[in-house]
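Tertiary structure, described
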Amino acid sequence: MNDAMVSRRGFVKGSALAGLGVAVAGGGAFSLFGCSSQGEQQTGASEPTESAEQVFWGHCSVNCEGRCSLQLHVKDDEVVWVESDNTGDDEYGNHQIRACLRGRSIRRWINHPDRLSVPMKRVGKRGEGKFEQISWDEAFDMLAENYTRILDEYGPESIWNHYASGVNASNIGSFLSRFINMNGGCLGRYGSYSSAQISAALPYLYGTRAANSNSDIVNSKLVVMFGENSVETKAGGAGPTYHLEQALEQGGAKVIVIDPRYSDTVATRADQWIPIRPGTDAALVDAVAYVLISEDLVDHDFLAKYCIGYDEDSMPESAKGQNKSYKAYIMGEGADAVAKTPAWAEAITGVAADTITELAREIGTAKPCAIYQGKGPQRQSNGEQTARAICMLPVLTGNVGINGGNTGSDLDGFYFSTFSVPTGDNPVETKIATFTWTDAIDHGTDMTKLANGVRGKNKLEVPIKMIFNYAGNTITNQHSDINRTHEILQDESKCEFIVVWDTFLTDSAKYADLLLPDLMPVEQPNFVSNDYAGNMGFIIMGQPVTSPKFERKTLYSVLSEVADRMGMKDEFTEGRDEQAWLEYCYEEARKKDSELPTFEEMLAQGIYRRKDPDGHHVALKDFRDDPEANPLETPSGKIEIYSEALEEIVATWELAEGDIINPLPVYAPGVEGFDDPLRETYPLQMPGYHYKARAHSSYGCIDVLKQAAPQELWINPVDAESRGIADGETVKVYNDRGTVEILAKVTPRILPGVVSMGQGAWHEADMAGDKVDRGGCINTLTSLRPTPLAKANPQHTNLVEVAKL
Ligand SMILES: Nc1nc2c(c(=O)[nH]1)N[C@H]1C(S)=C(S)[C@@H](COP(=O)(O)OP(=O)(O)OC[C@H]3O[C@@H](n4cnc5c(=O)[nH]c(N)nc54)[C@H](O)[C@@H]3O)O[C@H]1N2
Ligand SMILES: Nc1nc2c(c(=O)[nH]1)N[C@H]1C(S)=C(S)[C@@H](COP(=O)(O)OP(=O)(O)OC[C@H]3O[C@@H](n4cnc5c(=O)[nH]c(N)nc54)[C@H](O)[C@@H]3O)O[C@H]1N2
Ligand code: SF4
Ligand SMILES: [Mo]
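One structure accompanies this document, and this report is about it. Since the structure is predicted, the reported quantities are computational estimates derived from the model, not experimental observations.

A word on the overall build of the protein
- Per the secondary structure count, the protein includes 27 helices and 30 strands.
- Relative to the compact-globule value of 28 Å for 805 residues, the protein shows a C-alpha radius of gyration of 26 Å, a close match.
- Once the C-alpha set of the protein is aligned to its principal axes, its extents read approximately 75 × 60 × 55 Å.
- Accessible surface for the protein amounts to roughly 27,400 Å². Of this, 47% is attributable to carbon and sulfur atoms.

Thoughts on the site of ligand 1
- Near ligand 1 you find 34 residues, and of these Thr233, Asp259, Asp281, Arg379 and His696 are the closest.
- Here a nitrogen atom of ligand 1 and a side-chain polar atom of Arg102 are 3.2 Å apart.
- In this structure, Glu232 approaches ligand 1 through a main-chain N or O atom, which is 3.1 Å from a nitrogen atom.
- Within the complex, 100% of the 920 Å² of free accessible area of ligand 1 lies under protein.

Looking at the pattern of salt bridges
- By the definition in use, this model includes 46 salt bridges.
- Between Arg565 and Asp137 there is a salt bridge, and its shortest N-O distance comes to 2.8 Å. With Arg565 in helix α20 (residues 555-565) and Asp137 in helix α4 (residues 136-154), this pair connects stretches of sequence that are 428 residues apart.
- Relative accessible area serves as the criterion here: at 33%, Arg565 is assigned to the partly exposed category.
- Residue class for Asp137 comes out partly exposed when judged on its relative accessible area of 47%.
- Note that Glu157 is salt-bridged to Lys457, the shortest N-O span being 2.5 Å. Taken together, the positions of Glu157 in the loop between α4 and β8 (159-161) and Lys457 in the loop between α18 (449-452) and β17 (466-470) put the pair 300 residues apart, joining distant regions of the chain.

A few points about the sheet that holds strand β24 (residues 684-685)
- Read across the open sheet, the seven strands follow the order β24-β30-β27-β28-β26-β29-β25; overall the sheet is mixed. If you trace the sheet from one side to the other, it starts and ends with β24 and β25 (688-690), each paired once.
- Here strand β27 (residues 730-735) pairs with strand β28 (residues 738-746) via six bridges, running antiparallel. For Val731, the partnering residue across the bridge sits in β28 and is Ile742.

Focus: the packing of aromatic side chains
- Tallied over the entire structure, the rule returns 28 aromatic pairs.
- Pairing Phe414 with Phe416 gives two aromatic rings, centres 6.0 Å apart and planes at 40°, and the pair type is tilted.
- The rings of Tyr147, Phe175, Phe179, Phe468, Tyr556, Phe572, Trp581 and Tyr584 are connected pair by pair, giving a single aromatic cluster.

Considerations on the pairing of strand β4 (residues 69-75)
- Of all the seven residues making up β4, six are buried; the element is thus mostly covered by neighbouring parts of the structure.
- One ladder, built from six bridges, connects strand β3 (residues 54-59) with β4; its direction is antiparallel. Note that in β4 the partner of Gly58 across the bridge is Leu70.
- In this sheet, strand β5 (residues 78-83) lies alongside β4 in antiparallel orientation, the contact comprising five bridges. When the bridges of β5 are listed, Gln71 appears paired with Glu83.
- Turn length for the β4-β5 hairpin, with the two strands adjacent in sequence and antiparallel, is two residues, and the turn residue Asp76 shows positive phi of about 50°.

Describing the nonpolar core
- In this structure, Tyr326, Val395 and Ile639 are the most contacted members of the largest nonpolar core, which totals 68 residues.
- With nine residues, the single largest contributor to this core is helix α10 (residues 281-294).
- Two domains each donate at least three residues to this core, and these are domain 3 (197-285 + 299-318 + 366-409 + 623-652) and domain 4 (677-804).
- Beyond its immediate stretch of four places on either side in the chain, Ile639 contacts Leu205, Tyr206, Phe302, Tyr306, Cys307, Ile308, Val395, Phe623 and Leu632.

Here's the deal with the site of ligand 3
- Around ligand 3 sit Cys60, Val62, Cys64, Gly66, Arg67, Cys68, Ala99, Cys100, Arg102, Gly103, Ala235 and Gly236, and that is every residue in its neighbourhood.
- When its residues are assigned to classes, the shell around ligand 3 shows seven nonpolar, three polar and two charged.

What about α20?
- When you tally the buried positions in α20, you get eight out of 11 residues, the bulk of the element.
- Burial in α20 covers these residues: Leu555, Tyr556, Ser557, Val558, Leu559, Ser560, Val562 and Ala563.

What to know about the packing of helix α13 (residues 342-349) against helix α14 (residues 353-365)
- Contact geometry for α13 and α14: axes closest at 8 Å, N-to-C directions at 115°. Where α13 crosses over α14, the handedness of that crossing is right-handed. Across from Pro342, Ala343, Ala345, Glu346 and Thr349 in α13, the residues of α14 making contact are Ala353, Ile356 and Thr357.
- Here the residues of the contact of α13 with α14 sort into five nonpolar, two polar and one charged.

Thoughts on the packing of helix α5 (residues 174-182) against α20
- Axis separation between α5 and α20 bottoms out at 9 Å; the angle between their running directions is 15°. Put simply, α5 runs roughly parallel to α20. Here the hand of the crossing between α5 and α20 comes out left-handed. Touching Phe175, Leu176 and Phe179 of α5 are Leu555, Tyr556, Leu559, Val562 and Ala563, all from α20.
- Broken down by class, the residue content of the contact of α5 with α20 amounts to eight nonpolar, no polar and no charged.

As for unusual backbone geometry
- In the segment running from Lys367 into Pro368, the intervening peptide bond is cis, with an omega of -10°.
- Positive phi, normally seen in glycine, also occurs at Asp296, with a value near 50°.
- Considering the arrangement of structural elements, one finds Asp296 in the loop between α10 and α11 (300-306).
- Its identity as a non-glycine residue notwithstanding, Tyr699 has a phi of 70°, on the positive side.
- Tracing the chain through its elements places Tyr699 in the loop between β25 and α26 (703-708).
- Its relative accessible area of 1% is what places Tyr699 among the buried residues.

Rules used throughout
Residues numbered from 1 in each chain as written. Chains lettered and ligands numbered in written order. Predicted model: local features only at pLDDT ≥ 70, side-chain atom pairs only at ≥ 80, totals over all residues. Heavy atoms only, no water. Helix = DSSP H or I, 4+ residues; strand = E, 2+ residues; numbered from the N terminus. Rg over C-alpha atoms; globule rule 2.2 N^0.38 Å. Areas by Shrake-Rupley, 256 points an atom, 1.4 Å probe, with all protein chains shown as cover. Near = heavy atom within 4 Å. Polar contact = N/O pair within 3.5 Å; in protein donor to acceptor, adjacent residues only side chain to side chain. Salt bridge = Lys/Arg side-chain N within 4 Å of Asp/Glu carboxyl O. Buried < 20%, exposed > 50% of the residue type's maximum accessible area, 1.4 Å probe, protein only. Pairing = 2+ DSSP bridges. Phe/Tyr/Trp six-rings, centres within 6.5 Å; stacked < 30°, edge-to-face > 60°. Core = buried A, V, L, I, M, F, W, Y, C linked by side-chain atoms within 4.5 Å. Domains from an automatic or database assignment. Contact = heavy atoms within 4.5 Å. Nonpolar A, V, L, I, M, F, W, Y, C, P; charged D, E, K, R; others polar. Axes fitted to C-alpha atoms, helices over the stretch in contact; angles between N-to-C directions. Left-handed = near helix turned anticlockwise from the far one by under 90°. Parallel < 35°, antiparallel > 145°, perpendicular 65-115°, else oblique.

Written as structure tokens, this is what we have:
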């Protein structure tokens, strides 16, 4: 989920709940028989006979940003098979929102024998995974009592609503925020695991992190993508993969992908692959800038009219006359007196100087040229500098604010604001960076504004004492340094109570004191709107496909019971059940957008699509068209290549050794990066990537997906040979933080000196014993040290060694 986009469209992650009583014959069901395949289905028309197959609309709710539609076929109250969208291609150019193999395997997930079925409390040590079944009444009491006690003793700032992205229905998860806000709120958080560095850095340059829709690539002559892997990570039928493919087919742009790996996007969409050492993209950009400037390929008019800080003439007063401009730095006239030539960059990036020169000439002459970044390059220890540096290519060449260009940010799209559950405001104004929650448990009261990015207060006054974790695996599996996190969480005097709602006993769930079995979105009334979806927005509404099985309950019904025990049930529920909230929220949204279908129509049709009325979203178009009338939200209103605000931060923040924030968007060596002396001990760089086998850890237990896309360590034949490793052998990957055992895939698809494994595999270690992770979870090896500006996850920056077992 893209944090800026979320705020832009005022989207609230959802919640609602499911009328537990709304069963198979509910309003959204329709008979399969007699329906055409092109969407003339009708709902609720007749009561199905007992054994008739019914079809329910629903969506895949995991956080892969696809939000794809599903049609679930149900017989005798069981999901028997699943198809995706067979409606949609119409005269307006709307198209189908087809699910990938993950979504299509949802039946195996819903009906999985390991699925959680009853409420449980922990009986072993935290993290041991030992639980005992309890009654729901006991569970409600336990939650109400512990929450009340911790609120009384430590106050709302000690409560943490954990980052969790497993359920993306708009009407489900946000009931937790409503519940917490009604009880005085909680410690706030900013930034996400996804793109916190982009979100933090780009506003210093542009006042925003906005990007063009990638469907606009139809207007581009050249597309250069830094670590953008949408073929694997935005695979939904309405997602960027589809739009990229269409745009290339229709527009014919040349595509260059820069990635340490020959990713699936390189394999299927690129004309050229430029392999690069992880964390060094900004050095490549610096050298491209050197060539653009030397060969007079920069857009002088654009730079003069829209930007400050390019050369001495446009420097802000406070920095004039000190050779601090971008041009001075690049050309070797700045303080370091090093010209950022292609030869200079070759030594850092591993990209040949000639290739850099050629790349610069192509970028400088293709009009328009679209520069995009994925979220891989920013998820590095110097990630904020990289994210901002990549944007210098469109700035230097005047490709910002036009069709066929882009800002250099990751991709954006068309969204229409749909509904949100009324959550109220969080009365607590103190915030920490999302990634720093383990610090806030371990030594919260040492955390300050200047050293740790605390916001709203100069320092934290109380550590985190209680965690609400709904549909997230970022307690361990998706957070960093699992072994260290394990130590912090094992100490029950620190964080005193953890409640987890999940559908499986995930590694994070093992740290629960109270573990509650949830219903999946398709098992309750559900609603979702698109995330990235090019130039076609959509919403999907579904009804519970089956009655609740075993003792599973919706989040809403659980919170209603706990609210009852805390004397606020009426306030919390306003007398509505899950279905009534769905209807209420939808009707509220329709008041603001009268084009939306009626609630009944939505229930019947399942999907509603709308094409972007502007054609393709173009970021900063208003600014480009009229910069006086539409200044940017930067202090100067212009593109700030040199940022005085960052200069101020450098002067005032307490940065750890090796943390670099530069007022200019240029290369900074990263901690544990290519230039770190630690490479003498751990010579291999190991970025991760988001893998097609799963959405993070979701779907991670599905056998057919594991077989189709096994968890492997990519290693170049050169590195494998020197270590005596053959393809398909099990190897150990290790550093000071831990050891993973995993199959080796020996392949030239990865740069020598770099290895990589997909993130999200299920951690599988004896935490009371050797702690060796045999599940292949990269977070056994990642670091808790946050990045300098965003204080976010540098989870792709890891130095490791690999050895034969
Ligand atoms: N199948 C699947 N799809 C997903 C997800 C998933 O888990 N599985 N997760 C979803 C979520 S929440 C997110 S945030 C997105 C993330 O999706 P992406 O933006 O695609 O993020 P990553 O996979 O982290 O990285 C993209 C590419 O960057 C490369 N890379 C890593 N480090 C560097 C570097 O320093 N420089 C360069 N140039 N490239 C680098 C990686 O090899 C990878 O190919 O994906 C979403 N989609
Ligand atoms: N090393 C490394 N770590 C990373 C990343 C990386 O690139 N590298 N990427 C990061 C990113 S971008 C993100 S967004 C995070 C994502 O991390 P998470 O938000 O933890 O995402 P998932 O792993 O998909 O976990 C979702 C959880 O929700 C559960 N779940 C699924 N459906 C339901 C349901 O219906 N009800 C309930 N209650 N639970 C459900 C799943 O079982 C799973 O435990 O990971 C981050 N971690
Ligand atoms: S995993 Fe993503 S792309 Fe696949 S069906 Fe689900 S939402 Fe769509
Ligand atoms: Mo993410």
